[in-house]
Amino acid sequence: MPPTDPVGAVLAGLDNRSGSPGIVFGTWNMPNSYLNSVHTGWLNGGPLDPSNILSWLSGARAKGARGVIKLCKGNDSYVKNDDGTFSLSKWKALVGRYQNVNLDSYIADGTILGHLLIDEPHRADRWGGTAISPATLEAMAKYSRQLWPSMTTMVGEEPRWLASSTTTYAYLDAAWAQYTSNKGSVADWIAAEVSAAKGKGLGLVVGMNVLDGGNGSSHIAGFSRGKYAMSATEIRSYGSALLAQSYACGFFNWSLDAVYYGRSDIKSAMSDMSAKARAHAKTSCRQ
């Protein structure tokens, strides 16, 4: 947090402003109709635009939910140059469309947990052969803070990758890291991510790739060919390890699938993990 940012300095320890208990338990691209005592928030990008964001937020607020907003649309193509690399200018243009939309009350009461700047910047194959650099992420966070000084900035990335850079994160507040079974021991993985986040002064949102991150024991075909969705047992095992970390400031899974989320065994496992999130210490995403 830059010392010249008095608003940010005041809010650093008070970032979790929602009156809802514990930390949010939500899913990528989950509509308000799914929000209930189990699913207490969403992380949305594709459905949002300046004409509907207030409706989305008011619907979430009415259910006591918390959301992370992605303002550069859902498809990467909108923020790419002709060669497939990331375009900061296109990204700024898309985010800037919201500067005349009054988000202040939703930021102030914690309905907006944060602004997801971009997802998976490390993946060169996703960005025309060139990863989005940590320095560029910091520039994106700075632009967001200029528009909304008290809104938390986040990136969909593992803290260990962010920590591999010498970049100082004065404006980027938090990382969202998802566990998949091929990352090895969940306890070892999350311990390393927490350590890296602390070392860089970043908050940490955790979660699981429930549709593609299973070990195959579920026998449920994943979203991607050759992948498996997590079983109820996996959700409980991995989720419990993630939620045992008091440093976690939110929990978002990828991604909503109506059939998968409608299974009775998955519903039961999600309910158990949501209860743990609700009992979790309220933790700020701003460190």
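Scroll up to find the structure.
Residues numbered from 1 in each chain as written. Predicted model: local features only at pLDDT ≥ 70, side-chain atom pairs only at ≥ 80, totals over all residues. Heavy atoms only, no water.

**Q** What is the right way to read the packing of helix α3 (residues 88-96) against helix α5 (residues 134-147) from this model?
**A** Think of two packed helices as two axes; the pair is described by the angle between the axes and how far apart they sit. Where α3 meets α5, the axes come as close as 11 Å, and the angle between the chain directions of the two elements is 25 degrees. Classified by the angle between their axes, α3 and α5 sit roughly parallel to one another. When you trace α3 past α5, the crossing you get is right-handed. Residues Leu88, Trp91, Lys92, Val95 and Gly96 of α3 form the contact with α5, whose own contacting residues are Thr136, Ala139, Met140, Tyr143 and Leu147. Split into classes, the residues belonging to the contact of α3 with α5 amount to 7 nonpolar, 2 polar and 1 charged. (Axes fitted to C-alpha atoms, helices over the stretch in contact; angles between N-to-C directions. Helix = DSSP H or I, 4+ residues; strand = E, 2+ residues; numbered from the N terminus. Parallel < 35°, antiparallel > 145°, perpendicular 65-115°, else oblique. Left-handed = near helix turned anticlockwise from the far one by under 90°. Contact = heavy atoms within 4.5 Å. Nonpolar A, V, L, I, M, F, W, Y, C, P; charged D, E, K, R; others polar.)

**Q** How should I be thinking about the packing of aromatic side chains in this particular structure?
**A** Aromatic ring pairs: the centre-centre distance and the angle between the two ring planes describe each pair. In total, this model carries 9 aromatic pairs according to the counting rule given. Taken together, a centroid distance of 5.3 Å and an interplanar angle of 85 degrees make the contact between Phe223 and Trp254 edge-to-face. With Phe223 in the loop between β7 (203-208) and α8 (232-243) and Trp254 in the loop between β8 (248-253) and α9 (258-262), this residue pair connects regions lying 31 residues apart in the sequence. By relative accessible area, which is 61% here, Phe223 ends up exposed. Grouping aromatic residues by their ring pairs yields a cluster made of Tyr179, Trp189 and Tyr238. The ring of Tyr78 carries the charged tip of Lys73 above its face, separated from the ring centre by 4.2 Å. The positively charged end of Lys80 is found above the aromatic ring belonging to Trp127, 5.6 Å away from the centroid. (Phe/Tyr/Trp six-rings, centres within 6.5 Å; stacked < 30°, edge-to-face > 60°. Buried < 20%, exposed > 50% of the residue type's maximum accessible area, 1.4 Å probe, protein only. Lys NZ or Arg CZ within 6 Å of the ring centre and 35° of its normal.)

**Q** Which parts of the structure should I look at to understand the state of the cysteines?
**A** Two cysteines whose sulfur atoms are joined by a covalent bond form what is called a disulfide. Per the stated rule, a full pass over the model turns up 1 disulfide. Between the sulfur of Cys249 and that of Cys285 lies a disulfide, 2.1 Å long from S to S. With the S-S bond torsion at 100 degrees, the cross-link from Cys249 to Cys285 turns out right-handed. With a gap of 36 residues between them, Cys249 in strand β8 and Cys285 in the segment after α10 (264-279) connect regions that are remote in the sequence. There is no split in this pair, since Cys249 and Cys285 are both buried. In this model Cys72 remains outside any disulfide bridge; the closest cysteine sulfur is found in Cys285, 19 Å from its own. Classification of Cys72 by relative accessible area gives buried; the value is 1%. (Disulfide = S-S within 2.5 Å.)

**Q** Honestly, the sheet that holds strand β5 (residues 153-156) in this entry has me stumped. Any pointers?
**A** Each strand in a sheet pairs with its neighbour through backbone hydrogen bonds, running either in the same direction (parallel) or in the opposite one (antiparallel). Reading around the circumference, β1-β2-β3-β4-β5-β6-β7-β8 is the order of the 8 strands in this closed barrel, with parallel pairing throughout. Ignoring strand direction, the axes of neighbouring strands in this sheet form an average angle of 30 degrees. The sheet contacts of α8 involve β6 (174-179), β7 and β8, and relative to β7 the element is tilted by about 175 degrees. (Pairing = 2+ DSSP bridges.)

**Q** Mind showing me how you'd approach the pattern of salt bridges here?
**A** Pairing is possible between side chains of opposite charge, provided their charged atoms come close. As enumerated under the stated definition, the model contains 12 salt bridges in all. Between Glu120 and Arg123 there is a salt bridge, with its nearest N and O atoms 2.9 Å apart. Residue Glu120 is classed as partly exposed on the basis of its relative accessible area, which comes to 22%. A salt bridge links Asp272 to Arg236, with the shortest nitrogen-to-oxygen separation between them at 2.7 Å. Here Asp272 is found in helix α10, whereas its partner Arg236 is found in helix α8, with 36 residues between them in sequence. Residue Asp272 is classed as partly exposed on the basis of its relative accessible area, which comes to 33%. (Salt bridge = Lys/Arg side-chain N within 4 Å of Asp/Glu carboxyl O.)

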